[in-house]
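Read off the chains here:
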Amino acid sequence: MGKYRFHGLCFPFLRLTSSFRRCPLSKRSLLIATVCVVYLLLVVLHVGYSQQHWDRRTDKDKYRHTRGLYNLEPNGVHPDSADLQTGASFVVPTRSNVVYITLKFKRLKPANIRGTIRPKLRRKVRRNKTANSAFTQNKLGSLERDAGQIKPNFEPKTSWRESRDVDYKSLDIIPKSHKGETADSHISSIRIYSQRAPPWFSPQDVKAMRFLADAKVLRIREVSHGDSPSLLIFEGETRVSPTNQNHTTPNNVCAGQCGVIHSPVDTTEVFAFHLDRVLGLNRTLAAVSRRFRLFHDGQPCPVVSWDASLYPEGLAAGWATVRLTWGDYQSSLKQRCWHKNISPKPDSGCSTIHHYEWSKLALFDFLLQIHNRLDQSCCGFRPRQEDACVELGLHAECGSQDHIQLANIIHRGHDPRHLVFTNNKGFFDRNEDNLDFRLLEGIKELPEQAVSVLRSSRLREKLLQSLFLDQTYWESQGGRQGIDKLIDVIERRAKVLLTYINAHGIKVITMNV
């Protein structure tokens, strides 16, 4: 086919050669061949250019057709139609009725990526010029190490036993979610989606939880109480009328409604509060997890309700505590002090605490393995070298156990019969072969309501439902997976406790006092 086309292309030039027939054969053939080669070269160049131009048109048509399939407007109009506005540059058409359009897309704002790190905000701390309005230099040093944000330069001018406060009008909580809520968001971290909270929470509990989690911080004050470590107390903005607010203590610690900020390592305070309510003991103060920009680099901190009634004589006198040795405690259990509201004899050695309160305390402390009340010397288990009882040398006192002092046996000033469970430092990493059974020594009765919850198959369900309310705590523990691990520990200890009850013949009775 190519051969015939070649002859056809060269045929017109054969006529031109008729006038050159008189020329010699060699010159005539050379001339014909040269003309044919030149003509063939021109044809090849023309065909190649046409083919390249056709390929370009085909690619552009395919591109426009593809865009047409995926970029149809809702009304069915093709985006390449006349409704295209600014941002398009037109190319001169090479064929009739053909227009090529190149779109220039506008640059969009960067997306709010969930993992984006929020820059730390530096806020100025307003400080009064009086001597009672400054933190001590030691406390400021710890805050700088934790938060790395505030570096005021002033000398300590007050005694460690005096109250010191800083005005934090601009301080508020860190946003509680990753979806762009600001600090002024009214979305509460206490998640109650039904009409009512779980039945084990009273209306006062719900109000206290919402205040601790969401109240705007007005002032933070560091105060000391007796020989105990100093407390970090925040005063929050509340709509409660002054007649319903907490009573102010003699040293004017809290004029409104306040909370106590604990270290992030004391997260068992929150779990202890929920476990206490689920078991029906109702002996702990309300506690939630909350984030503060100023402290611990924004990590969740347990915040516990401030109760001025625990300090009836002021912070200088410390807690309203009961001082007992281990021997006195065991003796009071045998006396069944205040049982059936019968006043004990003056020489009986009974304290002001009702007999049933010790049973509730023993059950609660055993499940969480809290030993800083009944066994602060760690005599009932094998402590670690880093435990406080070993570092302070208290473990060496186990040789004379009857003289070991109990600690943190606290009650309200107006209610000396009932205990208040505070400083609930529990341990979830203690195995079942190293549990502190000393906490149950001398106990002959346990509360029926709490034991019935342990015996039922709904302990996990109730704890999940209860802990879900505190969104900050839930997320800080790793969500459902992390919470399940904590509940696994409590369930295993509950089985051990039920076995202990059956083995020692402990009575399960109603304790409505």
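Heads up: the structure comes first, above all this text.
Residues numbered from 1 in each chain as written. Predicted model: local features only at pLDDT ≥ 70, side-chain atom pairs only at ≥ 80, totals over all residues. Heavy atoms only, no water.

1. Focus: the pairing of strand β7 (residues 287-291)
Item 1. Of all the five residues making up β7, four are buried; the element is thus mostly covered by neighbouring parts of the structure.
Item 2. Across five bridges, the pairing between β7 and strand β8 (residues 300-305) is antiparallel. Within the sheet, the bridge partner assigned to Ser289 lies in β8 and is Pro302. (Buried < 20%, exposed > 50% of the residue type's maximum accessible area, 1.4 Å probe, protein only. Helix = DSSP H or I, 4+ residues; strand = E, 2+ residues; numbered from the N terminus. Pairing = 2+ DSSP bridges.)

2. Brief notes about the nonpolar core
Item 1. Counting 96 residues, the largest nonpolar core has Phe271, Trp306 and Leu363 as its most contacted members.
Item 2. Among the elements that take part in this core, helix α12 (residues 479-504) stands out by supplying 10 residues, more than any other. (Core = buried A, V, L, I, M, F, W, Y, C linked by side-chain atoms within 4.5 Å.)

3. Quick look at helix α4 (residues 203-214)
Item 1. For α4, spanning 12 residues, the distance from its first C-alpha to its last is 16 Å, which sits close to the expected 16 Å at 1.5 Å a residue.
Item 2. Contact partners of the buried residues in α4: β5 (228-236), β6 (257-261), α5 (268-278), β7 and β8. (Expected span 1.5 Å × (residues − 1). Contact = heavy atoms within 4.5 Å.)

4. Quick look at the pattern of salt bridges
Item 1. Taken as a whole and judged by the stated rule, the model has 18 salt bridges.
Item 2. A salt bridge links Arg384 to Asp387; its shortest N-O distance comes to 3.3 Å.
Item 3. Look at the salt bridges and you will find they share partners, linking Arg460, Arg480, Asp484, Asp488 and Glu491 into a network. (Salt bridge = Lys/Arg side-chain N within 4 Å of Asp/Glu carboxyl O.)

5. A word on unusual backbone geometry
Item 1. At Trp338, a residue that is not glycine, the phi angle is positive and equals roughly 60°.
Item 2. Tracing the chain through its elements places Trp338 in the loop between α6 (326-335) and α7 (355-368).
Item 3. The phi torsion at Cys378 lies on the positive side, around 60°, for a residue other than glycine.
Item 4. Within the element layout of this structure, Cys378 appears in the loop between α7 and α8 (388-391).
Item 5. A relative accessible area of 0% means that Cys378 is categorised as buried.

So yeah, pure geometry; function would need other evidence.
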